[in-house]
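Residue-level structure breakdown
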Amino acid sequence: MEILKVKDYEEMSKKACSIMIEKMNSLERPVLGMATGSTPEGLYQQLIRAYQEEKVSFKQVSTFNLDEYVGIERENPNSYHYYMKDKLFGHIDLLPENAHLPNGNAADLDLECWEYENKIRNAGQIDLQVVGLGLNGHIGFNEPGTPFSSRTQVINLAESTRKANARFFASLNEVPTQAITMGIDTIMESKQILLLVSGKKKADPLARLLNGEVSEDFPASILHRHPSVLIIADEEACQYVT
Ligand code: F6R
């Protein structure tokens, strides 16, 4: 696991963007893993700019998102389908049929999870997966205690995660209680992982990730066992990193 310390959010976003562009331009049919939340928004703005400046095209790219809430329509502004369209997909030349997110409204959620796994496998695995760090160490929505062997599944969101994400909703009551998430083992099969960490709220979890033990109590700790992880973290997030 390698860590690249950068000055601030903007520098983190620009660096992540250049790594993604390099990856896309080096592969015939790149498969990218996407995350939502606040952390990758700047990265997505940079990618849109790079596309507009013709530095990159997404025509041959396929994407797979980490997760989606259960029970929210994809047209709902709080869904991750909406987020991706609004913040990235609606502004680039990615073919709609190549953009994949789990369907949190599927009639059979277990079947949906199984089919999502198959789609990733059929795409030849993820070349570069973008990941954010949950305050409780979650990756995707794999909350503390999730087995490292987990595959794509329906999970119950931790109360702390619902509270952390309530900022996007009108009230805490509206935050879904469940989500579909790629499993930890699914994420670990990505060929390369880019973990983005920004802001002082992430200083504690980042320190725990770097200094703590590998444990299912802190899901991100599994990344120590992946052969190719780059963490890009800004100064605020690195305040306890020596
Ligand atoms: C989002 C996801 C989550 C977030 C994490 C950090 O698709 O899977 O694990 O990456 O909750 O969220 P932010 O970036 O909002 O701090």
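Cut-offs and rules
Residues numbered from 1 in each chain as written. Predicted model: local features only at pLDDT ≥ 70, side-chain atom pairs only at ≥ 80, totals over all residues. UniProt positions renumbered as here; feature names shortened; annotations may be inferred. Helix = DSSP H or I, 4+ residues; strand = E, 2+ residues; numbered from the N terminus. Pairing = 2+ DSSP bridges. Axes fitted to C-alpha atoms, helices over the stretch in contact; angles between N-to-C directions. Near = placed C-beta within 6 Å. Nonpolar A, V, L, I, M, F, W, Y, C, P; charged D, E, K, R; others polar. pLDDT = per-residue confidence, 0-100.

Considerations on the UniProt feature "domain: Glucosamine/galactosamine-6-phosphate isomerase" (unreviewed entry) in the protein
Taking the UniProt record as the reference, the feature "domain: Glucosamine/galactosamine-6-phosphate isomerase" (unreviewed entry) is found at residues 10-225. For the annotated span residues 10-225, helix accounts for 33% and strand for 14% of the residues, and the straight-line distance between the end C-alpha atoms is 29 Å.

A look at the sheet that holds strand β7 (residues 153-156)
Sheets are built from strands paired through backbone hydrogen bonds, the pairs being either parallel or antiparallel. Pairing is antiparallel in the open sheet, where three strands are placed in the order β4-β8-β7. The open sheet has two edge strands, β4 (67-69) and β7, and neither has a second partner. When the angles between neighbouring strand axes are averaged without regard to direction, this sheet yields 30 degrees. Strand direction decides the pairing type here: β4 and strand β8 (residues 178-181), joined by three bridges, are antiparallel. The partner of Glu 68 across the bridge, within β8, is Ile 180.

Some points on the site of the ligand
As a structural note, the neighbourhood of the ligand is formed by 14 residues, with Thr 36, Gly 37, Ser 38, Thr 39 and Gly 132 the closest of them. Classifying every residue of the shell around the ligand gives five nonpolar, eight polar and one charged.

Digging into the confidence of the model for the protein
The predicted coordinates ought not to be read in detail in places where the model reports low pLDDT. Summary statistics for the protein give a mean pLDDT of 97 and a share of 100% for residues scoring 70 or more. For this predicted complex, the interface confidence score (ipTM) comes to 0.99, while the overall pTM stands at 0.98.

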